[in-house]
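Secondary and tertiary structure notes
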Amino acid sequence: MRKHLVSLVVFSLALFMLLPAAVVFASSTKEEAPKKPAPVEKAPEPEKPKPKPEQIFVFGSSGDAVRLDPADVTDGESIQRMDNIFEGLVEYKSGSTEIKPCLATSWEMSNNGTEIVFNLRRGVKFHDGTDFNADAVVFSFARQYDPNHPFNQYGEWAYWGYMFYDVDHMEKIDDYTVKLVLKRPNASIMTSLAMFTTCIVSPSNAQKWGEDAFSHPAGTGPFKFVEWVKDDHITLAANDNYWRERPRLDKVIFRVIPDPSARLLALEVGEVHGIEYPNPADFDRIRSNSDLNLMSEPGMNIGYMAMNTGFGYKDKNKNGKRDSDEKLEKTPGYYEPLTKQKVRQAIQYAIDKKSIVDNLYMGTASVAKNGMPPFMIGYNNAVQDYTYDPDMAKKLLKEAGYPKGFEVTLHVMPVSRPYMFDPPAVGEAIQSYLGAVGIKVNFYQVDWGTYLQETESGMHQMCMLGWTGDNGDPDNFMNVLYGPNSASIGSAGNYAFYSDLEAQKYLDAALLTYDVEERAKNYKKVQEMLHDFAGWVYIAHANQSLVFNKKVKGYVLHPTSRKFFYPVYVE
């Protein structure tokens with residue numbers, strides 16, 4: 001036991017002697033350990049710039065589009081959408097009907113006026129990513145005039161028949177040069193080429209969609225098609241690869257609001273940024289609102305009521321004229337009283353047009369006596385308009401064999417138009433005036449697309465319609481609306497189905513010459529013939545008016561009432 005105790009003491013002493021060294025070693029190790037660096041304050045990260053809010057522009061339209069193929073429509077609602085999607089070889093200068101280059105950079109006309117060579121713009125892409133070139137130009141034209149073209153079956157091509165029947169063909173010279181060949185000189189051809197009818201479509205897109213291409217449009221314009229919700233809205237988006245500067249608007253939405261009062265209310269509460277066809281009764285209300293901007297100027301238009309006189313022709317080869325083998329036949333809306341000149345003249349005398357213009361248009365229109373605006377060349381001011389004379393109306397009805405009158409159906413437009421802001425109200429006025437002389441008028445209303453199809457097919461007895469000029473040339477009124485060649489059942493522009501080929505000779509002669517006085521002489525003669533025929537009650541030449549929120553900048557009214565939103569932005 002002692003031995004163990006001694007050993008324990010010796011071990012304890014040894015341990016004691018070692019402790020200072022261990023302590024020193026531990027202390028030394030602690031001092032030499034690297035110190036943790038003091039925390040460094042981070043510089044505040046720069047704030048990321050906030051993304052600019054999308055420039056979304058919403059436009060309140062009176063109706064929906066019918067189709068979105070620029071060559072296969074006649075209505076303004078379709079055209080206003082397509083004017084922002086498609087482009088042609090030439091275009092109108094802002095606010096005028098003077099032309100300037102667009103997809104063609106230059107052109108040259110032959111000495112005899114029957115050939116025009118166009119040099120095409122390079123580096124332009126369609127919205128589907130394919131190239132714009134001569135093949136696309138030939139495709140866009142040929143599908144309209146060539147009945148053997150594989151895509152001719154997908155459209156009626158009514159405007160081609162109205163305005164371009166003098167075109168023989170379009171041919172490719174090389175990838176960026178084309179030649180338009182005419183059958184004869186045409187004094188309005190260059191201004192007509194700035195119309196929507198000859199806008200260039202993507203052949204690849206047409207091949208992809210076939211008969212449904214009208215609802216999936218692809219052009220070269222500043223905005224691309226996004227979606228179409230029928231009778232509600234159509235949305236377009238900015239074309240980021242546009243050959244000019246990118247649009248300042250990111251989206252354009254066309255919202256369908258048929259009622260003028262509802263359109264104005266939507267503008268006042270900020271649901272839309274602009275509206276078309278405001279009711280003249282609301283103009284004082286609009287002017288008193290400091291947030292709104294009313295834009296108005298004389299319109300290049302005519303509003304009328306047409307009487308179906310019973311006979312048209314079927315344009316079997318779609319060449320826009322009545323050929324020798326295309327005989328007159330009864331229209332679906334044939335109605336015997338309206339085939340009689342004295343009945344039509346009685347209707348003219350029965351309607352107080354001045355009262356309609358004063359009370360319904362409220363100072364925003366002038367009474368019409370001819371079928372084209374009075375500022376155009378060839379306007380015949382010597383024509384004496386039918387006066388308001390109910391007694392004369394009754395007298396003529398008796399002479400025509402209808403002393404007690406008769407019953408008739410009137411197609412009433414379901415949408416506001418530039419030439420007629422409130423069609424139902426005008427229809428009610430006509431109904432009242434005709435009722436006073438013994439003619440009972442029943443109303444017929446249907447959606448806008450069907451309305452146009454039925455009237456173009458001659459299914460109406462009487463209809464309310466009108467026209468806004470497309471190119472500033474009188475031919476665009478006189479030939480399209482009243483020419484016998486336009487009395488084609490199924491694609492008519494002549495809704496009274498006036499079929500006197502003598503009048504067509506004068507209209508053709510007016511196009512064949514570049515002599516302004518000679519052209520005017522021919523148009524004046526036709527206006528005299530139309531007055532005697534009495535197939536149209538010409539009602540009014542209306543001002544064109546639009547209303548915008550004052551934050552909307554850059555919009556320019558166009559004489560044709562076409563709506564180009566490329567330069568527009570919202571502050």
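So, how was this worked out
- Residues numbered from 1 in each chain as written.
- Predicted model: local features only at pLDDT ≥ 70, side-chain atom pairs only at ≥ 80, totals over all residues.
- Heavy atoms only, no water.
- Phe/Tyr/Trp six-rings, centres within 6.5 Å; stacked < 30°, edge-to-face > 60°.
- Helix = DSSP H or I, 4+ residues; strand = E, 2+ residues; numbered from the N terminus.
- Buried < 20%, exposed > 50% of the residue type's maximum accessible area, 1.4 Å probe, protein only.
- Lys NZ or Arg CZ within 6 Å of the ring centre and 35° of its normal.
- Pairing = 2+ DSSP bridges.
- Core = buried A, V, L, I, M, F, W, Y, C linked by side-chain atoms within 4.5 Å.
- Contact = heavy atoms within 4.5 Å.
- Axes fitted to C-alpha atoms, helices over the stretch in contact; angles between N-to-C directions.
- Parallel < 35°, antiparallel > 145°, perpendicular 65-115°, else oblique.
- Left-handed = near helix turned anticlockwise from the far one by under 90°.
- Nonpolar A, V, L, I, M, F, W, Y, C, P; charged D, E, K, R; others polar.
- Patch = residues over 30% accessible without salt bridge, like charges linked within 9 Å, V, L, I, M, F, W, Y side chains within 5 Å.
- Areas by Shrake-Rupley, 256 points an atom, 1.4 Å probe, with all protein chains shown as cover.
- Salt bridge = Lys/Arg side-chain N within 4 Å of Asp/Glu carboxyl O.
- Lys, Arg positive; Asp, Glu negative; His and termini not counted.
- Charge placed at Lys NZ, Arg CZ, Asp CG, Glu CD.
- Expected span 1.5 Å × (residues − 1).
- Polar contact = N/O pair within 3.5 Å; in protein donor to acceptor, adjacent residues only side chain to side chain.

Right, let's talk about the packing of aromatic side chains for a bit. Enumeration over the complete set of coordinates arrives at 33 aromatic pairs. Relative to Phe254, the ring of Phe59 lies with its centre 6.4 Å away and its plane at 75 degrees, an arrangement referred to as edge-to-face. With Phe59 in strand β1 (residues 56–61) and Phe254 in strand β10 (residues 251–256), this residue pair connects regions lying 195 residues apart in the sequence. Classification of Phe59 by relative accessible area gives buried; the value is 0%. Ring centres of Phe548 and Tyr555 lie 4.9 Å apart, and the angle between their planes is 45 degrees; this geometry places the pair in the tilted category. Each of the two residues, Phe548 as well as Tyr555, counts as buried. Here the basic side chain of Arg248 rests over the ring of Tyr569, its NZ or CZ set 3.6 Å away from the ring centre.

Here we take up the pairing of strand β19 (residues 462–468). Within β19, seven of the seven residues are buried, leaving the element largely enclosed by the surrounding structure. Alternating residues of β19 divide into Met462, Met464, Gly466 and Thr468 and Cys463, Leu465 and Trp467, and every residue in both groups is buried. As paired strands, strand β13 (residues 301–307) and β19 are joined by seven bridges and run antiparallel to one another. From the neighbouring strand, Met307 faces β19, where its bridge partner is Met462. Relative to β19, strand β17 (residues 406–411) runs parallel, the two sharing two bridges. Across the sheet, residue His411 finds its bridge partner in β19, namely Cys463.

Here the focus is the nonpolar core. Counting residues in hydrophobic clusters, the biggest one holds 148 residues, and the most contacted among them are Ile347 and Tyr361. Of all the elements, strand β20 (residues 536–549) adds the most residues to this core, at eight residues. In this structure, Ile347 is in contact with Met305, Met307, Leu338, Leu434, Ile439, Met462 and Val537, ignoring residues within four places of it in sequence.

The subject of this paragraph is the packing of helix α9 (residues 341–350) against helix α11 (residues 390–399). Packing of α9 against α11 brings their axes to within 8 Å, and their N-to-C directions diverge by 165 degrees. When the axes of α9 and α11 are compared, the pair comes out roughly antiparallel. For the element pair α9 and α11, the recorded crossing hand is left-handed. Contacts from Lys342, Val343, Gln345, Ala346, Tyr349 and Ala350 of α9 reach α11 at Pro390, Met392, Ala393, Leu396, Leu397 and Glu399. Residue classes in the contact of α9 with α11 are distributed as nine nonpolar, one polar and two charged.

Another point: the sheet that holds strand β4 (residues 104–109). The four strands are arranged β4-β5-β7-β6 in an open sheet whose pairing can be described as antiparallel. The outermost strands of the open sheet, each flanked by one partner alone, are β4 and β6 (167–174). The sheet shows a mean angle of 20 degrees between the axes of neighbouring strands, direction not considered. Strand direction decides the pairing type here: strand β5 (residues 115–120) and strand β7 (residues 177–182), joined by five bridges, are antiparallel.

A surface patch of negative charge is lined by Glu227, Asp231, Asp232 and Asp447. Tracing the backbone through its elements, the reader meets Asp447 in the loop between β18 (439–444) and α13 (448–456). Take Asp447: its relative accessible area is 46%, and that puts it in the partly exposed class.

With respect to the element layout, Lys179 can be found in strand β7. Judged by its relative accessible area of 18%, Lys179 is buried. Taking C-alpha positions, Lys179 is 42 Å from Asp532, a pair spaced 353 residues apart along the chain.

Time to look at the pattern of salt bridges. Close approach of charged atoms allows side chains of opposite charge to pair. Evaluated as defined, the whole model comprises 32 salt bridges. Measuring nitrogen to oxygen at the nearest pair gives 3.2 Å for the salt bridge that ties Lys172 to Asp135. In this pair, Lys172 is assigned in strand β6 and Asp135 in helix α3 (residues 134–145), connecting sequence segments 37 residues apart. Overall, Lys172 belongs to the partly exposed group, its relative accessible area being 37%. Classification of Asp135 by relative accessible area gives partly exposed; the value is 41%. The shortest N-O distance in the salt bridge between Lys354 and Asp358 comes to 2.7 Å. One end of the pair, Lys354, and the other, Asp358, are both in helix α10 (residues 353–361), four residues apart, so they sit about a helical turn from each other. The class of Lys354 is exposed, set by a relative accessible area of 53%.

If you trace the backbone, Thr197 turns up in the loop between α5 (189–192) and α6 (203–209). Here Thr197 is in contact with Pro70, Ala71, Gln144, Tyr159, Trp160 and Phe164, once residues within four sequence places are set aside.

Tracing the sequence through the fold places Asp282 in the loop between β11 (274–276) and α8 (283–287). Judged by relative accessible area, which is 12%, Asp282 ranks as buried. Separated by 123 residues in sequence, Asp282 and Gly405 have C-alpha atoms that sit 37 Å apart. Once residues lying within four places of it in the same chain are set aside, the contact partners of Asp282 are Ser261 and Leu264.

Over its 18 residues, helix α16 (residues 516–533) extends 26 Å from the first C-alpha to the last, a length consistent with the 26 Å expected when each residue adds 1.5 Å. Turning to α16, its buried residues are Arg519, Ala520, Asn522, Tyr523, Val526, Gln527, Met529, Leu530, His531 and Phe533. The elements touched by buried residues of α16 are α9, α14 (475–482), α15 (501–512) and β20. The backbone nitrogen of Glu517 has a side-chain oxygen 3.0 Å away, supplied by the residue at the start of α16, namely Asp515. After α16 finishes, the residue Ala534 shows a positive phi value of roughly 60 degrees.

The element α13 is largely enclosed, with a buried count of seven among its nine residues. Taken residue by residue, α13 has Trp448, Gly449, Tyr451, Leu452, Glu454, Thr455 and Glu456 as its buried positions. Looking one or two places after α13, you find Gly458, whose phi comes out positive at around 75 degrees.

With that settled, consider the environment of Phe151. Within the secondary structure, Phe151 sits in the loop between α3 and α4 (158–163). Counting along the chain gives 12 residues from Phe151 to Phe139, while the straight-line C-alpha distance between them is 9.0 Å. When residues no more than four places from it in sequence are discounted, the contact partners of Phe151 are Phe139, Arg143, Trp157, Ala206, Gln207 and Gly210.

By themselves these figures say nothing about function.
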